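# Structural overview for review
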Amino acid sequence: MQWKILLTDGLAAISDEALLAKVDLVDKKGISAEELLEVIGDYDAIIVRGRTKVTEEVLAAGKKLKVVGRMGVGVDNIDLQAAKAHGVIVVNAPVATTVSVAELTMGLMLSLIRGISKADAGMKAGQWLKKELVGTELFQKTLGVIGCGHIGEAVGKRAMAFDMNVIAYDPIRPAEEIKAAGATPVDLDTLLAQSDLITLHIPHIPPTHYLLNAEAFAKMKPGVRIICAARGGVIEETALLDALESGKVAGAALDVYETEPAGDSPLAKHPLVVGTPHVGAQTKEAQLRAGHDILSEVVAGLDEDPLRWRVA
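Please read these numbers as outputs of a predicted model, since none were measured by experiment.

### Some thoughts on the pairing of strand β1 (residues 3–7)
Counting buried residues in β1 gives four out of five residues, a clear majority hidden from the surface. Bridge analysis of β1 against strand β2 (residues 23–27) gives five bridges, and the strand direction is parallel. Bridging from a neighbouring strand, Trp3 pairs with Val23 of β2. Where β1 meets strand β3 (residues 45–48), three bridges bridge the pair, whose relative direction is parallel. Note that in β3 the partner of Ile5 across the bridge is Ala45.

Here you go:
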């Protein structure tokens, strides 16, 4: 028997023949929400990325649906309570993109402190901005990591290679594990007060919505820099814009936004912001790992085998 699995946002090529023999993959990349409701009843499982919303309506219409797989980490586009109510397992692939997101975070950080994007734009415009581009070093600066999971820990380790002092806030992870990763565990207020740069690696869920708001920015050092390659909504964008305008925040590097695509967002266009279009996981290596990880986990759920990354 082959399990019938719907792909709504594509899947990297899978080379595991034994795994592929168990499934009938139907690729409907770009499927609309309306069409999804019409066809979901034919499938045993669905694999999505961030675009597709797995709502209560979708889960109710999925009469055969047993497993929802999310390529990547965030599951904010899946109604977890409804999945539980309908007896549908939700799994993700939380480690596949760790290196890619961590490396992008370091790239954003370096671009932010050295004005790399501004320098590049100047060169292409025939400008020699040498005197204007006086940056700063990461050396001996304090990096505050909000969320010390797989990605936050990976960023911390890379920052240590730059001789940064890494402090971390994570309300879930035990302090001893944070220490074992080489960082110093602190509470959120201490992190805000002591950090020269702050990077966020947390999901967007009700407790983290607008975690960095006007009150949080007021507690930070003057001239702090903010990096976020996590999820839009964990930073209140209007508050960040105000902090940039006042000089409280010297610069921000963002890969994610409250509304995506960011369009005419004044924050995305701000001269003190380095922006990328949610590309944290967009490497060939990460996509290959994520494709294999999520398909194998979905099949394990269908086969009722032990799961590594069950979310709900």
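Right, picking up where we left off after that structure.
### Thoughts on the pairing of strand β9 (residues 197–200)
Strand residues, when the strand is regular, have side chains that alternate between the two faces of the sheet. Side chains Leu197 and Thr199 project from β9 onto one buried face, and the interleaved Ile198 and Leu200 project onto a second face that is buried too. Across four bridges, the pairing between strand β6 (residues 142–146) and β9 is parallel. Bridge pairing links Val145 to Thr199 in β9. In terms of strand pairing, β9 meets strand β10 (residues 224–228) through four bridges, oriented parallel. Across the sheet, Leu197 pairs through a bridge with Arg225, a residue of β10.

### Some remarks on the confidence of the model for the protein chain
For the protein chain, per-residue confidence averages 96 on the pLDDT scale, and 100% of positions sit at 70 or higher. Per-element confidence in the protein chain ranges from a low mean pLDDT of 92 for helix α1 (residues 17–20) to a high of 99 for β9.

### Regarding the sheet that holds strand β7 (residues 165–169)
Sheet architecture is open: seven strands sit in the order β8-β7-β6-β9-β10-β11-β12, paired in parallel fashion. Each having just a single partner strand, β8 (184–185) and β12 (273–275) make up the two edges of the open sheet. Pairing of β10 with strand β11 (residues 249–254) involves five bridges; the strand directions are parallel. When the sheet's bridge partners are listed, Val224 is paired in β11 with Val249. Packed onto the sheet, helix α5 (residues 98–114) meets β6, β9, β10, β11 and β12 and runs at close to 150° relative to β10.

### Looking at the side chain of His270
Mapped onto the fold, His270 is located in the loop between β11 and β12. At 2.9 Å, the side chain of His270 forms a polar contact with the side chain of Glu245. With near-sequence residues (within four places) excluded, His270 lies in contact with Leu241, Leu244 and Glu245.

### Observations concerning the pattern of salt bridges
Applying the stated criterion to the full structure yields 15 salt bridges. A salt bridge links Asp76 to Arg231; its shortest N-O distance comes to 3.3 Å. A residue pair is termed long-range when its members are at least 10 positions apart, and Asp76 in the loop between β4 (67–70) and α4 (80–85) and Arg231 in the loop between β10 and α11 (237–246) qualify at 155 residues. Asp76 sits in the partly exposed class, given a relative accessible area of 44%. Using a relative accessible area of 15% as the deciding quantity, one classes Arg231 as buried. Here Asp120 ties to Lys124 by a salt bridge, and the two come within 2.6 Å at their closest N and O atoms. A residue pair is termed a helical-turn pair when its members lie 3 or 4 positions apart in one helix, as Asp120 and Lys124 do in helix α6 (residues 116–124) at four residues. Judged by its relative accessible area of 38%, Asp120 is partly exposed. In this structure, a network of salt bridges that share partners links the residues Glu153, Lys157, Arg173 and Glu177.

### Describing unusual backbone geometry
Outside of glycine, negative phi angles account for most residues, and trans bonds account for most peptide bonds. A cis geometry characterises the amide bond from Glu260 onward to Pro261, with omega recorded as -5°. Along the chain, Pro261 turns up in the loop between β11 and β12. Positive phi is not limited to glycine here, since Asp163 has a value of about 60°. Mapped onto the elements of the fold, Asp163 is located in the loop between α7 (150–160) and β7. Residue classification places Asp163 among the partly exposed residues on the basis of a relative accessible area of 47%.

### Section: the sheet that holds β3
Hydrogen bonding along the main chain pairs the strands of a sheet, whether they run parallel or antiparallel. Pairing is parallel across the open sheet formed by five strands, whose spatial order is β2-β1-β3-β4-β5. Each edge of the open sheet is held by one strand with a lone partner, namely β2 and β5 (89–92). On average, each strand axis in the sheet is inclined to that of its neighbour by 20°, with strand direction left out of account.

### Thoughts on the packing of α5 against α7
The interhelical angle for the contact between α5 and α7, taken along N-to-C directions, is 45°, at an axis separation of 9 Å. Classified by the angle between their axes, α5 and α7 sit oblique to one another. By crossing handedness, the relation of α5 to α7 is classed as right-handed. Two secondary-structure elements touch here, α5 through Thr98, Val99, Val101, Ala102, Glu103, Thr105 and Met106 and α7 through His150, Ile151, Ala154, Val155, Arg158 and Ala159. Looking at the contact of α5 with α7 residue by residue, the classes come out as eight nonpolar, three polar and two charged.

Cut-offs used in this document
- Residues numbered from 1 in each chain as written.
- Predicted model: local features only at pLDDT ≥ 70, side-chain atom pairs only at ≥ 80, totals over all residues.
- Heavy atoms only, no water.
- Buried < 20%, exposed > 50% of the residue type's maximum accessible area, 1.4 Å probe, protein only.
- Helix = DSSP H or I, 4+ residues; strand = E, 2+ residues; numbered from the N terminus.
- Pairing = 2+ DSSP bridges.
- pLDDT = per-residue confidence, 0-100.
- Contact = heavy atoms within 4.5 Å.
- Axes fitted to C-alpha atoms, helices over the stretch in contact; angles between N-to-C directions.
- Polar contact = N/O pair within 3.5 Å; in protein donor to acceptor, adjacent residues only side chain to side chain.
- Salt bridge = Lys/Arg side-chain N within 4 Å of Asp/Glu carboxyl O.
- Parallel < 35°, antiparallel > 145°, perpendicular 65-115°, else oblique.
- Left-handed = near helix turned anticlockwise from the far one by under 90°.
- Nonpolar A, V, L, I, M, F, W, Y, C, P; charged D, E, K, R; others polar.

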